[in-house]
Amino acid sequence: MIRTVSTTPYGDQKPGTSGLRKKVPVFQQQNYAENFIQSVFDALEGFAGKTLVVGGDGRFYNREVIQKVIAMAVANGFGRVVVGQGGILSTPAASNLIRKRKAFGGLILSASHNPGGPHEDFGIKYNAENGGPAPEKLTDAIYARSKVITSYKIADVGQVDLDHTGTFEVGGIKVEIVDPVADYAALMETLFDFDALRALFKSGFRMRFDAMHAVTGPYAKEILERRLGAAEGTARNFVPLEDFGGHHPDPNLVHAKELYDEMMGPNAPDFGAASDGDGDRNLIIGRGIFVTPSDSLAMLAANAHLAPGYKAGLKGIARSMPTSGAADRVAEKLGIGMYETPTGWKFFGNLLDAGMATICGEESAGTGSDHVREKDGLWAVLLWLNILAVRGESAKEIAAKHWVTYGRNYYSRHDYEEVETDRANALVDALRAKLGSLPGTSVRGMKIASADDFAYNDPVDGSVSKNQGIRILFEGGSRVVFRLSGTGTSGATLRVYIERYEPDPARHGLDTQAALADLIKAAEDIAGIRSHTGRDKPSVIT
Ligand code: G16
């Protein structure tokens, strides 16, 4: 039986950088999830009889919302729902499934790297038929709808068994429960030289992969250990838990510190990596070297042709604006296009669909290619492994040679988390107000060449996205960027991105924070971070 249930709108369902993210108790309010799901369906057209893919990162509340999505998909007229077994699908695996099944779209339940549990974070995002995050036009329409919604449709179908694979009749449509790993692993086999990787592990190559008790555990076990023969125990924390074992499943130097310490210690494995809550981010640490996400993008792009899936070369590279310019130098050398987009994977979709870019990446630990339309943590790890296998060198050697060829972009991000929203906005407003007066002035002996609020003109659809981050560019190529995060769930997070280009190989071995010290002070001088936020140091430095 299909019911139409009356509801009242919530005013706070505006999707952020990647879908709607809120605390679990917010999602548990009456009709909160239903309102948002219905608003998504109402903003779409033409899905009658078509397929919807559903899955999530296994965090607390995942199963409950999957049941709601199935019941509402039945009531709203979808013809088939494809669900990851146990409600599990990594974000890149969901993207792949949408594309492979020619689905109308998919709902991915995740708050990514944010912590999980009854009082932590939850999220819902919609991905379109290309497998990529809903573009801004659609997220705006979803938000507009959520503000005026008066009812939603739901079918009384009872609890669907999510734990057994197979196709079942539910409320007159087909619900198919699929192995979350199989199609994704098959895709990886088409891109990388699995024989070479098996030989690498057979030769004694040791690796550590930290799944952080999040969604990539089953994927890493299957691909690294079962298919590639890496030693048992290569994947650590591989059982997805509803609260990620009480940790932030955020693969950075703070939250993956255990891995970092192991990789820097004596007897370190040859290669270390980690992924996040929903499997789209990656952390790369070679023995004795952390590779920044910006550098990783550049190094992967420079060597991608060594993997079978990319042997024809790259069409172009894209990076988000705050990501360092390291990849730009690779694009220049390869003679291919380089695109600078706002933060948010959704901005890469058009470039990938149009065949203008093959590899994309962001400073926020995301790298991916045109094989799906999301960033992909394990993909980045496998591409690194393929490159290591072919070159027969360590990550540290590859990085050092890369910097000799292209120069080194010293890079760091300083985050000030859970700042009062008004104070964070005041900082940004004050910065905006003085942008016009900054060029030509000097701070700490460094001359400001230009200053602006980044705006993006999409070369494919002509859309314009304004106010995407404040850039202060110094003569010589150094820069400081200020931006407020769009993924937090309490207060505001101020991100300060700091970058300095160093062409001289004799100066490539400096400590990153020391190499950036002047710029860090200049950022404080320009923005008054301490007085605005009341903080005397960042909460996280990556
Ligand atoms: C999301 C987006 C990324 C973005 C990141 C950080 O990642 O998909 O494109 O770079 O957020 O965004 P912000 O700086 O606004 O917090 P994820 O892994 O959280 O889905």
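Residues numbered from 1 in each chain as written. Predicted model: local features only at pLDDT ≥ 70, side-chain atom pairs only at ≥ 80, totals over all residues. Heavy atoms only, no water.

Draft legend 1. Quick peek at the pattern of salt bridges. Counting across every chain of the model gives 44 salt bridges. Note that Asp57 is salt-bridged to Arg59, the shortest N-O span being 3.0 Å. Across the pair, exposure class does not vary: Asp57 and Arg59 are buried alike. A salt bridge links Arg198 to Asp195; the nearest nitrogen and oxygen atoms lie 3.0 Å apart. Of this pair, Arg198 and Asp195 both sit in helix α7 (residues 194–202), 3 residues apart, which is roughly one turn of the helix. Overall, the relative accessible area of 54% leaves Asp195 in the exposed class. Taken together, the shared-partner salt bridges in this structure form one network comprising Arg319, Asp328, Glu340, Asp452, Arg471, Arg479 and Glu499. (Salt bridge = Lys/Arg side-chain N within 4 Å of Asp/Glu carboxyl O. Buried < 20%, exposed > 50% of the residue type's maximum accessible area, 1.4 Å probe, protein only. Helix = DSSP H or I, 4+ residues; strand = E, 2+ residues; numbered from the N terminus.)

Draft legend 2. Highlighting the UniProt feature "domain: Alpha-D-phosphohexomutase alpha/beta/alpha" (unreviewed entry) in the protein. The feature "domain: Alpha-D-phosphohexomutase alpha/beta/alpha" (unreviewed entry), as given by UniProt, occupies residues 13–151, 184–285 and 294–406 in the numbering adopted here. Helix makes up 37% of residues 13–151 and strand 23%, whereas the separation of the span's terminal C-alpha atoms amounts to 16 Å. Taken end to end, residues 184–285 is 36% helix and 15% strand, and its two terminal C-alpha atoms sit 24 Å from one another. (UniProt positions renumbered as here; feature names shortened; annotations may be inferred.)

Draft legend 3. Layout of the nonpolar core. In terms of nonpolar packing, the biggest core is built from 72 residues, with Met188, Phe192, Met207, Phe271, Trp379, Trp384 and Leu385 touching the most fellow members. When residues of this core are assigned to their parent elements, the largest contribution, 10 residues, is made by helix α13 (residues 377–391). Built from parts of two domains, this core gets at least three residues from each of domain 1 (2–180) and domain 2 (184–406). Each residue touching Met207, except ones within four places of it in the same chain, is listed here: Phe201, Leu224, Thr234, Pro269, Phe271, Ala273, Val381 and Leu385. (Core = buried A, V, L, I, M, F, W, Y, C linked by side-chain atoms within 4.5 Å. Domains from an automatic or database assignment. Contact = heavy atoms within 4.5 Å.)

Draft legend 4. Examining the pairing of strand β4 (residues 80–88) more closely. Burial within β4 is extensive, with 7 of its 9 residues counted as buried. Here strand β3 (residues 51–56) runs beside β4; their pairing, made up of 5 bridges, is parallel. Following the sheet pairing, Val54 is matched in β4 by Val83. Once you follow β3 into helix α3 (residues 62–76) and on to β4, the crossover reads as right-handed. Strand direction decides the pairing type here: β4 and strand β9 (residues 173–178), joined by 5 bridges, are parallel. If you follow Val81 over to β9, its bridge partner there is Val175. (Pairing = 2+ DSSP bridges. Right-handed = clockwise from strand over helix to strand, strands pointing away.)

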